[in-house]
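Inside the fold
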Amino acid sequence: MQRPRFLPFALSTFLFLFALVRLNAQGTSGSIAGTVQDSTGAIVPDVVVSVSNPVSGYSQTTKTDNQGQYRVTNLPFGRYHVAVTAKGFRSTTGDAQLRSASATVLDFKLSVGGGDEVVNVESEPEDMVNADPTSGNAVDRNLFSRLPTESTNAPLSSLVSGSTPGIAGDSNGLFHPMGEHADTSFSIDGQPVSDQQSRVFGNQLSLNAIQSINVINGIAPPEYGDKASLVVQTTTRSGLNLTHPTGSISFNYGSFGTSVGSVALGFGDKRFGNFFTADGVNSGRYLDTPEFRPLHAKGNNENFFDRIDFNPSAKDMLQLNMTASRSWFQNPNQYDQQAAGQDQKAQIFSYNLSPSWTHIISAHSLFTVNPYLRQDNFHYYPSKNPFSDTPATLAQSRRLQNAGIKVDYSYSRGINTLKVGAMFYHTFLHEGFSLGITDPGFNAPCLNADGTPDTNTSYRDPSQCPEQDTVNESFNPGSAGFDLSRGGSLYHFNGKTDIKQEAIYIQDNLAFKGFTFLLGGRIDNYNGLSSRSLIQPRLGATYLVKATNTVLRVGYGKLFLTPYNENLIVSSSTGVGGLEGAGFPTPLKPAARNQYDAGFEQGFGKHLVVNGEYFWKYTDRDFDFDIVLNTPLAFPIQWRKSKIDGFGIKLTVPQTHGISAYAVLGHTRSRFFDPEVGGILFNDPSTGDQGVFRIDHDQAFQQSTHVQYQPFKRGPWYGITYRYESGLVAGNAPFATKDDVAQGFTDLSYLTADQQAQAQITCGGVVATLAAPLKSCAVGQLSSPLLSIPKPGTENDDKNPPRIAPRTLFDMGAGWDNVLHRDRFKTNVSLTAVNVTNKYALYNFLSTFSGTHFVSPRTVSAQVTLNF
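Residues numbered from 1 in each chain as written. Predicted model: local features only at pLDDT ≥ 70, side-chain atom pairs only at ≥ 80, totals over all residues. Heavy atoms only, no water.

1. Details of unusual backbone geometry
Here is the rule: Strands are runs of DSSP state E lasting at least 2 residues, helices are runs of H or I lasting at least 4, and numbering of each runs from the N terminus. When a residue's accessible area, from a 1.4 Å probe over protein chains only, is under 20% of the maximum for its type it is buried; when over 50% it is exposed; and in between it is partly exposed.
Along the chain, Thr390 connects to Pro391 via a cis peptide bond; the corresponding omega equals 5°. For the bond running from Asp674 to Pro675, omega is 0°, close enough to zero to count as cis. Its location among the elements puts Pro675 in strand 34 (residues 659–678). The phi dihedral of Asp189 is positive, around 55°, even though this residue is not glycine. Using a relative accessible area of 3% as the deciding quantity, one classes Asp189 as buried. Of note in this structure, Asp226 is not a glycine but carries a positive phi near 70°. Asp226 gets classed as buried once you look at its relative accessible area, which sits at 7%.

2. Regarding the confidence of the model for the protein chain
The predicted coordinates ought not to be read in detail in places where the model reports low pLDDT. Note the following rule: pLDDT: the predictor's confidence for each residue, scored from 0 to 100. By the convention used here, residues are in contact when the closest approach between their heavy atoms is within 4.5 Å.
The predicted model of the protein chain has a mean per-residue pLDDT of 89, with 93% of residues at 70 or higher. This model gives residues 1–25 a pLDDT under 50, and the stretch forms 59 contacts once residues within four places in sequence are excluded. In the predicted structure, residues 682–688 sits below a pLDDT of 50 and forms 24 contacts with residues beyond four places in sequence or in another chain.

3. Focus on the state of the cysteines
Our working definition: In this description, a disulfide is simply a cysteine sulfur pair whose atoms lie within 2.5 Å.
Inspection of every chain in the model, using the stated rule, returns two disulfides. Linked covalently through their sulfurs, Cys446 and Cys465 form a disulfide whose S-S length is 2.0 Å. A torsion of -95° about the S-S bond marks the disulfide between Cys446 and Cys465 as left-handed. Remark: Cys465 occurs in the loop between strand 25 (446–447) and strand 26 (470–471) and Cys446 occurs in strand 25; sequence separation between them is 19 residues. Given the relative accessible area of 1%, Cys446 is considered buried. The exposure class assigned to Cys465 is buried, which follows from its relative accessible area of 18%. Each disulfide pairs two cysteine sulfurs, and for Cys763 the partner residue is Cys777, the sulfurs being separated by 2.1 Å.

4. Notes on the pattern of salt bridges
Just so we agree on the cut-off: A side-chain nitrogen of Lys or Arg and a carboxyl oxygen of Asp or Glu constitute a salt bridge if their distance falls within 4 Å.
Throughout the structure, instances matching the rule amount to 33 salt bridges. For Arg374, the salt bridge identified is with Asp376, shortest N-O distance 2.9 Å. Residue Arg374 is classed as buried on the basis of its relative accessible area of 6%. Among the residues examined, Asp376 registers a relative accessible area of 4% and is labelled buried. One salt bridge connects Lys799 with Asp798, and the closest N-O pair in it is separated by 3.9 Å. Lys799 sits in the exposed class, given a relative accessible area of 65%. Relative accessible area serves as the criterion here: at 7%, Asp798 is assigned to the buried category. Salt bridges linked by common partners bring Arg671, Arg694, Asp698, Asp798, Lys799 and Arg803 together as one network.

5. Observations concerning empty space enclosed by the protein
Heads up, the rule is: A pocket here means an open set of points on a 1 Å grid, computed over the protein atoms alone, that has protein on both sides within 12 Å along at least five of seven lines. A cavity is instead a set of points where a 1.4 Å probe fits but cannot get out; residues with an atom within 4 Å of a point line either one. Grid points are joined across faces, edges and corners, and a volume is the space filled by probe spheres set on the points. Residues were grouped as follows: Ala, Val, Leu, Ile, Met, Phe, Trp, Tyr, Cys and Pro as nonpolar; Asp, Glu, Lys and Arg as charged; and all remaining residues, including Gly, as polar.
Volume-wise, the second largest cavity comes out at about 230 Å³. Lining the second largest cavity are 19 residues, with Ile188, Asn203, Leu205, Thr323 and Asn352 sitting closest to its centre. Those elements that provide at least two residues to the lining of the second largest cavity are strand 13 (191–193), strand 19 (299–313), strand 20 (316–330), strand 21 (345–360) and strand 22 (365–381). The leading source of residues in the lining of the second largest cavity is strand 20, at four residues. Its residues assigned to classes, the lining of the second largest cavity shows six nonpolar, 11 polar and two charged.

6. A word on the sheet that holds strand 2 (residues 48–53)
Selection criterion: Strand pairing is defined by DSSP finding a minimum of two bridges between the two strands. Note on geometry: axes are C-alpha line fits, over the in-contact stretch for helices, and angles between N-to-C directions span 0 to 180 degrees.
The strand order across the open sheet built from four strands is 3-2-5-6, with neighbouring strands paired in antiparallel fashion. Pairing within the sheet leaves two strands with one partner each, and these edge strands are strand 3 (58–63) and strand 6 (92–98). The sheet shows a mean angle of 20° between the axes of neighbouring strands, taken without regard to direction. Sheet analysis places strand 5 (residues 78–85) next to strand 6, joined by seven bridges and oriented antiparallel.

7. Details of the environment of Pro462
Considering the arrangement of structural elements, one finds Pro462 in the loop between strand 25 and strand 26. Under the relative-accessibility criterion, Pro462 is labelled partly exposed at 29%. Separated by 31 residues in sequence, Pro462 and Phe493 place their C-alpha atoms 28 Å apart. Not counting residues within four places of it along the chain, the set of residues in contact with Pro462 comprises Pro445, Val471 and Phe475.

8. Focus on the pairing of strand 34
Most of strand 34 sits out of view: 14 of its 20 residues are buried. Connecting the antiparallel pair strand 33 (residues 634–656) and strand 34 is a turn made up of two residues, with His657 showing a positive phi of about 55°. Across three bridges, strand 34 lies against strand 35 (residues 692–694) in antiparallel orientation. Bridge assignment links Phe672 to a residue of strand 35, and that residue is Phe693.

9. Details of the environment of Val610
Tracing the backbone through its elements, the reader meets Val610 in strand 32 (residues 608–627). According to the relative accessible area criterion, Val610 is buried, its value standing at 13%. Here the alpha-carbon distance between Val610 and Ile644, two residues 34 residues apart in the chain, equals 23 Å. Val610 has contacts with Phe600, Glu601, Gln602, Phe604, Ile649, Lys650 and Leu651, leaving out every residue within four places of it along the chain.

10. Let's talk about the packing of aromatic side chains
Where we set the bar: Centres within 6.5 Å are what make two rings of Phe, Tyr or Trp a pair, Trp counting through its six-membered ring; a difference in plane orientation under 30 degrees is then read as stacked, over 60 as edge-to-face, and the rest as tilted. In this scheme, Lys NZ or Arg CZ marks a charge over a ring once it lies within 6 Å of the ring centre and within 35 degrees of the ring normal.
Under the criterion given, the structure shown has 21 aromatic pairs. Taken together, a centroid distance of 5.1 Å and an interplanar angle of 70° make the contact between Phe433 and Phe635 edge-to-face. Of this pair, Phe433 sits in strand 24 (residues 416–437) while Phe635 sits in strand 33, and the two are 202 residues apart along the sequence. Exposure remark for Phe635: the relative accessible area of 0% places this residue in the buried category. Clustering of aromatic rings is evident, with ring pairs tying together Phe201, Tyr564, Phe623 and Phe625. Of note, Lys650 hangs over the ring of Tyr662, and the distance from its end group to the ring centre comes to 5.2 Å. Positioned above the aromatic ring of Phe825, the side-chain terminus of Arg824 is 5.8 Å from the ring centre.

11. As for the side chain of Ser485
Filter applied, for reference: Under this definition, polar contacts are N or O atom pairs within 3.5 Å; protein pairs additionally need one hydrogen-donor-capable and one acceptor-capable atom, and for neighbouring residues in sequence, both atoms have to be side-chain atoms.
Locating Ser485 in the fold gives a position in the loop between strand 26 and strand 27 (491–512). Judged by relative accessible area, which is 15%, Ser485 ranks as buried. A polar contact of 2.5 Å, which involves the side chain of Ser485, links it to the side chain of Asp483.

12. Let's talk about the pairing of strand 37 (residues 717–725)
If a strand is regular, its side chains alternate between the two faces of the sheet. Of the two faces of strand 37, the one holding Trp717, Gly719, Thr721, Arg723 and Glu725 is buried and the one holding Tyr718, Ile720, Tyr722 and Tyr724 is not buried anywhere. By the bridge criterion, eight bridges tie strand 36 (residues 702–709) to strand 37 in an arrangement that is antiparallel. Within strand 37, the residue paired with Gln703 across the bridge is Tyr724. In this sheet, strand 45 (residues 807–816) lies alongside strand 37 in antiparallel orientation, the contact comprising nine bridges. In the sheet register, Tyr718 faces strand 45, and the bridge partner there is Ala814.

See below:
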């Protein structure tokens, strides 16, 4: 593929902007600053200032300088408790609410106290709740650094799905936020990233580079658009004020030969800081697998991150984020594919450049500029022998390059926190793709007398079926030309396009007595393979009942959703039914959504916070992905509409006497409506306008509970995580229809022997095996321990679909920080186990949108970290 002409221009533009401003758009963080004086007004140097958020687990300590001044920077947005202590003075506390990058000023006056006074800097009950109209869930690295993660190369996805209510987890780092497939945007230090971040689309930012995340699962403020069911505000680590080189070196080794090495180093002063991380992963189970025992599943990843901060003056702050990453992995095989010698694999190369500048205009206002350039380059390679690939051989080379600039002005004074901004995105897509069917039984035009596919390759269409055969009603003439086993040729596609997006927004948070209001709106314009513009009001309100420490919250948002960029060109070239349908090109079009939220936040003293949210969404033209044959190749599709509602609840127990815990719960009803357009192969060719079904994002209930205990401050810690999922929809699972009830049996011939063995399909106590698959099963005798199959004749796509069977998983961890009790060089050791009971369970089964994948078998890993 040719190098895009835009790249040299973009790089030169970036260098020009960077040189022009010579200047840190803290899009997800702010600072607290102030002066500490005694009762006479004299400055007090060397005072200890502690800043904490008891809910997220964030804590940071600094001291006042010779002028009695302090500043705590890189604080993620949220509410903070500030405690000031000094020898000979009474301790005092204050609270600060950060909503913008403007420095929040919090001055203190100390009164003289006894020298033996006991200092208490614990948070108060009012610090436990947040009256912001935007519902969010904050998690600091002090907590997530100890959490077991089930994902080898998508730990950020595991962190988000495991700590946020209303999210259903899926395979390969995918998750379904609030009933959608992957409708998530990341804001990394203010840089918007709305393209897919799971390990089969791109390379994620390393957890080693992250200070904290705040996940917005309510109505997104107008600042955020595009994919906004979930917004992950991500604040990276900074080297500012690290006067001594500070960092860590760690090594982890565990099951499946998985080794992880990482290095982090930060250093700087008040004006300059640099923070660098390097991570490497190598595993024998890189992707989730279609068999419980991994086959052909090796992979590795290398990730580099560097953040440079420079403050040339008190009013100007410069930041530059740079990332580069590469991953290589095999596509896991089923047993039949392994026997055939299938050797499909993939590589992903990613980079990101994001310079930014913040200029403080006054004590109440500031201006930010954030240009950026990022790219994901994905390559998928077939086996050397095409007929070793079954049932099809596939290849792809795809580049997604995104450049943009974000500019905004913030003003904070009195009851107002105002923000006005504009964004411009320019996305360049280049897609090459090929496909050929290699299994003569996959799309056979004829069936043998026993109902199995006739694999005689001389029969190329139903008119050639011999007298003893019957016509295969499932034969797809649209894909017959790509059947290599019957003399067809590879389907080839190569296309380029670019997409321009512009947006302007305005938002204001007004705090008046017990009320806080979010008032604002956003206008988006999209020009790509299709075009559309939309005005989007965003409204929210909270009321704080101080007497009971209760926050009541309501919100409404109009949202503008753009098609997924990954494989957008080829998907838009097919139409209804993909390659199997009519073949009329139908570009995927931007969607519009109305969303309503109502929720609450309740604090119970200093020891428990409950945050709950109900949501209802109606989307005109909703999106999803359609995979090809259980591979990482996924193609965007679009449905006529969707109606989704549900709730999410989070319970948080801040650390008390060494114990901390949280639990996240969720329920979703996700109803989608025919017809579908886009995709490549084997999607739903329905052209009806009344069909409604539960999509595989739908899950009745899921919860994740984590409890951590450290009995002594300098002693070991212990953690356990309990996960329960009631099961996603599995629309292709076998069941007895009403017609089956009438004829007395259910046909199972559409499932291969391997597929039947994967789900442990059982008929009357006889379990299907690779050597002895089942052809049919008498009504009432069909079962599976891995699937929830509706009773005969009761299946309903909307009311009672087949599902994955409920699963319960336990993860455990234990460790000891600074086990050698050193002051400068501290050694941490830890041992973690995922799926401790070795539960045999599925994420999904023959999902059109995810394929078939098992949860990870029991994995045990040990880690040693040297902190300095």
